[in-house]
Amino acid sequence: DAGVIQSPRHEVTEMGQEVTLRCKPISGHNSLFWYRQTMMRGLELLIYFNNNVPIDDSGMPEDRFSAKMPNASFSTLKIQPSEPRDSAVYFCASSLSGGDETQYFGPGTRLLVL
Amino acid sequence: KNQVEQSPQSLIILEGKNCTLQCNYTVSPFSNLRWYKQDTGRGPVSLTIMTFSENTKSNGRYTATLDADTKQSSLHITASQLSDSASYICVVSNQAGTALIFGKGTTLSVSS
């Protein structure tokens, strides 16, 4: 299995631009998580899907952030408009279920907003 | 307020030595506690998951302990190797694995 796949691996954009991050979870996993990691705040859970349905989006910082999961093999995290404080590493993770199952993380997307 | 505090913030040890990382939490109710290892530039990798009833769990040279009464956990690394250099993150869940509270991590450097 290729593991969780994220794209792009690196993204540099200017303030105000739209940014779309993509994630392909491990085949057969029913739960998908989006995280953000910064030096100041560490890892933060943004949103969690189970069976393609958003279960908990309380970690989404603002309305500028949105996430979708149109099918079991694909999810996007969109930031519109982007701001310099959105600069971070964004991780996608998947697990068999949303309970106590191990989460498998992707390699992350390093976002820099100028 | 649900919090997870890790100590030390960073640690440098010689190859072959043992070390112990600490995690204290105030999360309630408690579901499980996880330790992750994160190499530089990569995503976290799960080392252990412990539920309320488990006191210790091992994964090779890594041994995690949990004291649910004092709300403390430790991660002990035996006979450290250069490849153990990484950030170790403690994560506590207050529901069935969905509400996760992360520690800031301990950065371990193993030198030869």
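Since the model is a prediction, treat every value here as computed from it, not as a measurement.

The next point concerns the pattern of salt bridges. With the rule as written, the count across this model stands at 11 salt bridges over all chains. Across the pair Asp 86 of chain A and Arg 64 of chain A runs a salt bridge whose closest N-O atoms are separated by 2.7 Å. In this pair, Asp 86 of chain A is assigned in the loop between β8 (74-79) and β9 (88-95) and Arg 64 of chain A in the loop between β6 (53-56) and β7 (65-71), connecting sequence segments 22 residues apart. By relative accessible area, Asp 86 of chain A is classed as buried at 2%. Close ionic contact of Asp 39 of chain B with Lys 37 of chain B constitutes a salt bridge, the shortest N to O distance being 3.9 Å. Lys 37 of chain B sits in the buried class, given a relative accessible area of 15%. Several salt bridges converge on common partners, so that one network encompasses Glu 62, Arg 64, Glu 83, Arg 85 and Asp 86 of chain A.

Let us look at the confidence of the model for chain B. Averaged over chain B, the pLDDT score is 92; the fraction of residues at 70 or greater is 96%. By mean pLDDT, strand β10 (residues 100-102) of chain B is the weakest element of chain B at 86, and strand β8 (residues 72-77) of chain B is the strongest at 98.

Residues and elements named next belong to chain A. Read across the sheet, four strands follow the order β1-β3-β8-β7 without closing on themselves; strand pairing throughout is antiparallel. Taken across any chain shown, the strands that pair with only one partner, and hence form the sheet edges, are β1 (5-7) and β7. Between one strand axis and the next, the sheet turns by 15 degrees as a mean value, whatever way the strands run. Across five bridges, β7 lies against β8 in antiparallel orientation. Considered in β8, the bridge of Asn 71 is made with Phe 74.

Cut-off values and rules
Residues numbered from 1 in each chain as written. Chains lettered and ligands numbered in written order. Predicted model: local features only at pLDDT ≥ 70, side-chain atom pairs only at ≥ 80, totals over all residues. Heavy atoms only, no water. Salt bridge = Lys/Arg side-chain N within 4 Å of Asp/Glu carboxyl O. Helix = DSSP H or I, 4+ residues; strand = E, 2+ residues; numbered from the N terminus. Buried < 20%, exposed > 50% of the residue type's maximum accessible area, 1.4 Å probe, protein only. pLDDT = per-residue confidence, 0-100. Pairing = 2+ DSSP bridges. Axes fitted to C-alpha atoms, helices over the stretch in contact; angles between N-to-C directions.

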